[in-house]
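Chains, contacts and geometry: an overview
What follows is each chain in one-letter form.
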Amino acid sequence: FLRNQARPTRALPPLHAVPQLVRARMLGGDFRVLTVTGSGNQGMFLGVPLLALHQQRGRAMLPAAVVALLTQCWLTHRHRRISDACGLATKAAPALAAGLVVADGGGAKEVMAALRRVPAQLDGMRCPGALPSCGRKARQALLAVRRHQRGQ
């Protein structure tokens, strides 16, 4: 999963790469994206930062990746398939935050806090459909994950 994510912006950190990739995808960019649930945007949102973490920590980060992907599946199951809520805000961002909590040594209590806190920061982020502005939403969602990591 991680090795097959779109990586044309490999030199950029995920905070910059993911919004660029999402925007390019919404404008018709032709590159492969894998996802376990939800849209390709959600796959890139999870996959690119997790791949960067893998490049930094190697196989030691695999429990974090498993938690993020399983959390994504669980959150997808909890939400309606079609909705006006942005999947990055309701599923992908909290799932990524949960995985990063595990990568940083956190446990169940901290994971549950991430699952409450990150979507609350993104409450009201709507999905009017696949648009180039999805890149901006990806950046907002990544910033919410980062704020949670920093305890802000």
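Reading the values: the criteria
Residues numbered from 1 in each chain as written. Predicted model: local features only at pLDDT ≥ 70, side-chain atom pairs only at ≥ 80, totals over all residues. Heavy atoms only, no water. Helix = DSSP H or I, 4+ residues; strand = E, 2+ residues; numbered from the N terminus. Rg over C-alpha atoms; globule rule 2.2 N^0.38 Å. Buried < 20%, exposed > 50% of the residue type's maximum accessible area, 1.4 Å probe, protein only. Contact = heavy atoms within 4.5 Å. Areas by Shrake-Rupley, 256 points an atom, 1.4 Å probe, with all protein chains shown as cover. Core = buried A, V, L, I, M, F, W, Y, C linked by side-chain atoms within 4.5 Å. Salt bridge = Lys/Arg side-chain N within 4 Å of Asp/Glu carboxyl O. Expected span 1.5 Å × (residues − 1). Lys, Arg positive; Asp, Glu negative; His and termini not counted.

The helix and strand inventory of the chain stands at six helices and zero strands. The helix and strand sequence of the chain, counted from the amino end, reads α-α-α-α-α-α. Whereas a compact globule of 152 residues would reach a radius of gyration of roughly 15 Å, the chain reaches 14 Å, a difference of no more than 12%. Among the 152 residues that make up the chain, the fraction classed as buried is 43%. Looking at the chain alone, contacts between residues at least 24 apart form 70% of all its contacts between residues at least 6 apart. Just so you have it, the chain exposes about 8,000 Å², and 53% of that area is on carbon and sulfur atoms.

Right, let's get into the nonpolar core. In this structure, Phe 45, Leu 96 and Leu 122 are the most contacted members of the largest nonpolar core, which totals 41 residues. For this core, the secondary-structure elements that each account for two or more residues are helix 1 (14-26), helix 2 (40-57), helix 3 (62-78), helix 4 (87-103), helix 5 (108-121) and helix 6 (134-149). In terms of residue count, helix 4 provides more of this core than any other element does, 10 residues in total. Not counting residues up to four positions away in its chain, the partners in contact with Leu 122 are Ala 89, Ala 93, Gln 140, Ala 141 and Ala 144.

This next bit is on the pattern of salt bridges. All chains considered together, the criterion is met by two salt bridges. Residue Arg 57 pairs with Asp 104 through a salt bridge whose shortest N-O separation is 3.4 Å. Remark: Asp 104 occurs in the loop between helix 4 and helix 5 and Arg 57 occurs in helix 2; sequence separation between them is 47 residues. Here Asp 84 ties to Arg 126 by a salt bridge, and the two come within 3.9 Å at their closest N and O atoms.

This part is about helix 1. With 13 residues, helix 1 should reach 18 Å at 1.5 Å per residue; the first-to-last C-alpha distance of 18 Å fits that figure. Looking at the buried side of helix 1, the elements it contacts are helix 2 and helix 6. Where helix 1 terminates, the next one or two residues include Gly 28, which has phi positive at roughly 95 degrees.

This brings us to the environment of Arg 25. As for its placement among the helices and strands, Arg 25 is situated in helix 1. Relative accessible area serves as the criterion here: at 29%, Arg 25 is assigned to the partly exposed category. Along the backbone, Arg 25 and Leu 75 are 50 residues apart, and their C-alpha atoms lie at a distance of 23 Å. The contact partners of Arg 25, leaving out residues within four places of it in the chain, are Phe 31, Val 33, Gly 40, Asn 41 and Met 44.

Moving on, we come to helix 6. Between the first and last C-alpha of helix 6 there are 23 Å, a value that for 16 residues agrees with the 22 Å anticipated at 1.5 Å per step. Tucked inside the fold, the buried residues of helix 6 contact helix 1, helix 2, helix 4 and helix 5. Phi turns positive, to about 75 degrees, at Gly 151, one or two residues after helix 6.

The next point concerns the side chain of Lys 91. With respect to the secondary-structure elements, Lys 91 resides in helix 4. Among buried charged residues, Lys 91 stands out as having no salt bridge; its nearest opposite-charge side chain is Asp 84, 11 Å away. For Lys 91, the residues in contact, after removing those within four places along its chain, are Gln 42, Gln 72, Leu 75, Thr 76 and His 79.

Secondary-structure assignment places Gly 99 in helix 4. By relative accessible area, which is 0% here, Gly 99 ends up buried. The sequence separation of Gly 99 and Pro 13 amounts to 86 residues, and the corresponding C-alpha distance is 18 Å. Leaving out residues up to four positions away in the same chain, Gly 99 has contacts with Ala 64, Val 67 and Ala 68.

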